[in-house]
2 protein chains.
Amino acid sequence: MRTKQKAFSMERFFLALGDNTRLRLLNLMGDREVCVCYFVEILDQPQSKISRHLAYLRKAGIVTARREGKWMHYRIVMPPHIGATQVLQQTLAWLREERIMEADRARLAKACCSPRKFVALQGAPRPKVIAPATSSLSR
Amino acid sequence: MRTKQKAFSMERFFLALGDNTRLRLLNLMGDREVCVCYFVEILDQPQSKISRHLAYLRKAGIVTARREGKWMHYRIVMPPHIGATQVLQQTLAWLREERIMEADRARLAKACCSPRKFVALQGAPRPKVIAPATSSLSR
DNA sequence: TTTACATATCTGTCAATGCGAATATAATTT
DNA sequence: AAATTATATTCGCATTGACAGATATGTAAA
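Going along each chain's sequence as written, the residues are numbered from 1 onward. Going through the entries in the order they are written, you letter the chains from A and number the ligands from 1. Thresholds applied to this predicted model are a pLDDT of at least 70 for local features of residues and 80 or more for the giving and counting of side-chain atom pairs; totals over whole chains, interfaces and linings are not thresholded and use all residues. Excluding hydrogens and water, the side-chain values take into account all heavy atoms of the structure.

Trainee: I'd like to hear about the interface of chain A and chain B, residue by residue, with values.
Mentor: Listed by partner, the interface residues are 22 residues for chain A and 22 residues for chain B. By buried area we mean how much accessible surface two parts lose on assembly, using a 1.4 Å probe and totalling the loss over both. Summed over both partners, the interface of chain A with chain B comes to about 2,000 Å²; 75% of that surface belongs to carbon and sulfur atoms. Area buried by chain A at its contact with chain B is led by Met10(A), Phe14(A) and Trp94(A), which between them contribute 37% of it. The term salt bridge refers to a side-chain nitrogen of Lys or Arg lying within 4 Å of a carboxyl oxygen of Asp or Glu. If you look at where chain A meets chain B, you find zero salt bridges. Between N or O atoms, a polar contact is any pair within 3.5 Å; within protein, one atom must be a potential hydrogen donor and the other a potential acceptor, and residues adjacent in sequence are included only when both atoms are from side chains. Applying the counting criterion to the chain A and chain B interface returns four residue pairs in polar contact (both at pLDDT 80 or more). Elements are defined by DSSP. Helices are runs of H or I of four residues or more, strands are runs of E of two residues or more, and each kind is numbered from the N terminus. Contributions of two or more residues to the side of chain A that touches chain B are made by helix 1 (10-17), helix 2 (20-29) and helix 5 (82-97) of chain A. In terms of residue count, the dominant contributor to the side of chain A that touches chain B is helix 5 of chain A (nine residues). Among the residues forming the side of chain A that touches chain B, the class breakdown is 11 nonpolar, seven polar and four charged. Note on contacts: a residue pair qualifies if any of its non-hydrogen atoms lie within 4.5 Å across the two residues. Put simply, Ala, Val, Leu, Ile, Met, Phe, Trp, Tyr, Cys and Pro go in the nonpolar bin, Asp, Glu, Lys and Arg in the charged bin, and everything else, Gly too, in the polar bin.

Trainee: Tell me about the relation of the copies chain A and chain B, and name the residues and values.
Mentor: Once chain A has been moved 0.0 Å along the axis and rotated by 180°, it coincides with chain B to within an RMSD of 0.0 Å. Taken together, the rotation and translation relating the two chain copies correspond to the operation of a two-fold axis. Most of the interface of chain A is mirrored in chain B, where 100% of its interface residues again form contacts. Here the copies were fitted onto each other by least squares, based on C-alpha atoms from residues at pLDDT of at least 70 in both.

Trainee: Tell me what's going on with the protein's contact with DNA strand C, and back it up with residues and numbers.
Mentor: As a structural note, the neighbourhood of DNA strand C is formed by 22 residues, with Gln47(A), Ser48(A), Tyr74(A), Arg22(B) and His53(B) the closest of them. Between a phosphate oxygen of DNA strand C and a side-chain N or O atom of Arg22(B), the distance comes to 2.6 Å. In this structure, His53(B) approaches DNA strand C through a side-chain N or O atom, which is 2.6 Å from a phosphate oxygen. Elements represented by at least two residues in the surface near DNA strand C include exactly helix 3 (36-43), helix 4 (47-59) and strand 3 (71-76) of chain A together with helix 4 (47-59) of chain B. No other element matches the five residues that helix 4 of chain B contributes to the surface near DNA strand C. Here the surface near DNA strand C is built from residues that sort into eight nonpolar, six polar and eight charged. One heavy atom suffices: a residue is near a molecule or strand as soon as one of its heavy atoms comes within 4 Å of it.

By themselves, these figures tell us nothing about what the structure is for.
Right, here's the structure in full:
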């Protein structure tokens, strides 16, 4: 059983966005579900670092995880407040406009199209576009 | 001469929003210019704490200060990136919807209407609505 | 059940930030 | 110029969070 979630807080929400690695992760997710192994390859950072930041985002209520065999897939979920949802949408739009973020997305696209070039990704499940993330409020 | 500003960074921008005191300050400013003494009274926190957080917001490029005699007035300025501007606007909208933030604004309104009830505010310059904050981009 | 792989968590260290208390600076008044 | 008012900065300490490296857990394959 998962440890009890702290109540959603505005402060925590913004703190979660206040780290470059986490912003890069959110940018890579965008509107799709991405396997952890892709993050590790694309960002070229130690796996433990990626995992820690994903956990942080999860605790802040910004992403959720789904296990599929030995792979974990992460995706963005809209937070339980309209206001937060709209801020997050704007943030994602902002990410789409940043050069560095664009470069990350390009590397991900490349890895998806020809995973053979990324030895570590042989056989890993590809990112999949998902239905537009909805706020937990708009049921 | 002011010490050199660090370049605007997305990370820094969100870190600046990731503190409850700073969110309350931004909420009180909204679309007006507010004197430090009002913040101290309304939030009922030590002056040094208020000042430190205002300095943080200033360094993050989210507010500017203007001196008028012995009083300092702070106001929100839109950051030098369209994306940041839009996120900030959404954030302010979100603040307007939060209960606790509403209560702060109510106290400010009260202090403005009858500063006599707030001894410390006798003679202090009242908050003034300003032209809608514009991004430094849209000159 | 052993092994291998993917991911998560723990450990120790370091830097950043929060805080109250005290002090410094700037403008105004006396 | 001294005293007063408004605000800013500094100090010492506690907390948080980032990091690399080591280790633990969960799942599947052999």
